[in-house]
Amino acid sequence: IFNGYIGVLLGTGGAVFLCYLISIIPKADKVVPTALMNVYGIMLGTEQVSEIAWAIAITAVTTVALIAASFPIMNKREV
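(A) Seen up close, the overall build of the chain. Within the chain, the secondary structure is distributed over 3 helices and 0 strands. Scanning the chain from its N terminus toward the C terminus, one meets helices and strands in the order α-α-α. Oriented by its inertia axes, the alpha-carbon framework of the chain measures out at about 50 × 20 × 20 Å. Taking all 79 residues of the chain together, the buried fraction comes to 13%. Counting only contacts in the chain whose residues sit at least 6 apart along the sequence, the fraction spanning at least 24 positions is 23%. For the chain, the accessible area works out to roughly 6,500 Å², and carbon and sulfur atoms hold 72% of it. A gap of 10 Å separates the mean positions of the 4 positive and 4 negative side-chain charges of the chain.

(B) Region of the structure containing the side chain of S23. Structurally, the position occupied by S23 is in the loop between α1 (5–22) and α2 (40–44). Separated by 2.7 Å, the side chain of S23 and the backbone oxygen of Y20 make a polar contact. Not counting residues within four places of it along the chain, the set of residues in contact with S23 comprises D29, V32 and T34.

(C) Main features of the side chain of T34. As for its position among the elements, T34 is in the loop between α1 and α2. For T34, a relative accessible area of 14% gives the class buried. Here T34 is in contact with C19, Y20 and S23, once residues within four sequence places are set aside.

(D) Looking closely at the confidence of the model for the chain. Of all residues in the chain, 94% have pLDDT values of 70 or greater, and the mean over the chain is 85. The secondary-structure element of the chain with the lowest mean pLDDT is α2, recorded at 86, while helix α3 (residues 53–76) shows the highest, at 88.

Analysis parameters
Residues numbered from 1 in each chain as written. Predicted model: local features only at pLDDT ≥ 70, side-chain atom pairs only at ≥ 80, totals over all residues. Heavy atoms only, no water. Helix = DSSP H or I, 4+ residues; strand = E, 2+ residues; numbered from the N terminus. Buried < 20%, exposed > 50% of the residue type's maximum accessible area, 1.4 Å probe, protein only. Contact = heavy atoms within 4.5 Å. Areas by Shrake-Rupley, 256 points an atom, 1.4 Å probe, with all protein chains shown as cover. Lys, Arg positive; Asp, Glu negative; His and termini not counted. Charge placed at Lys NZ, Arg CZ, Asp CG, Glu CD. Polar contact = N/O pair within 3.5 Å; in protein donor to acceptor, adjacent residues only side chain to side chain. pLDDT = per-residue confidence, 0-100.

Below, the structure written as structure tokens:
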């Protein structure tokens with residue numbers, strides 16, 4: 001989709017920024033993929049993995065969808 005690395009960096013940064021904006025909403029705090037970066041509560045035993053299960057599921061589904069979408073795009077491009 002992007003012709004250079006700058007577009008890819010801006011797209012990635014924009015996606016992370018969007019996740020942080022969504023996490024401002026109190027009920028969406030445990031759903032966005034950026035919730036997976038804060039695992040100290042799980043390591044200390046004060047939180048359960050089930051509290052971030054939706055974030056894990058959304059991240060897994062998004063990852064599979066983006067990898068599947070990348071195959072047709074990469075087949076069109078010359079490496």
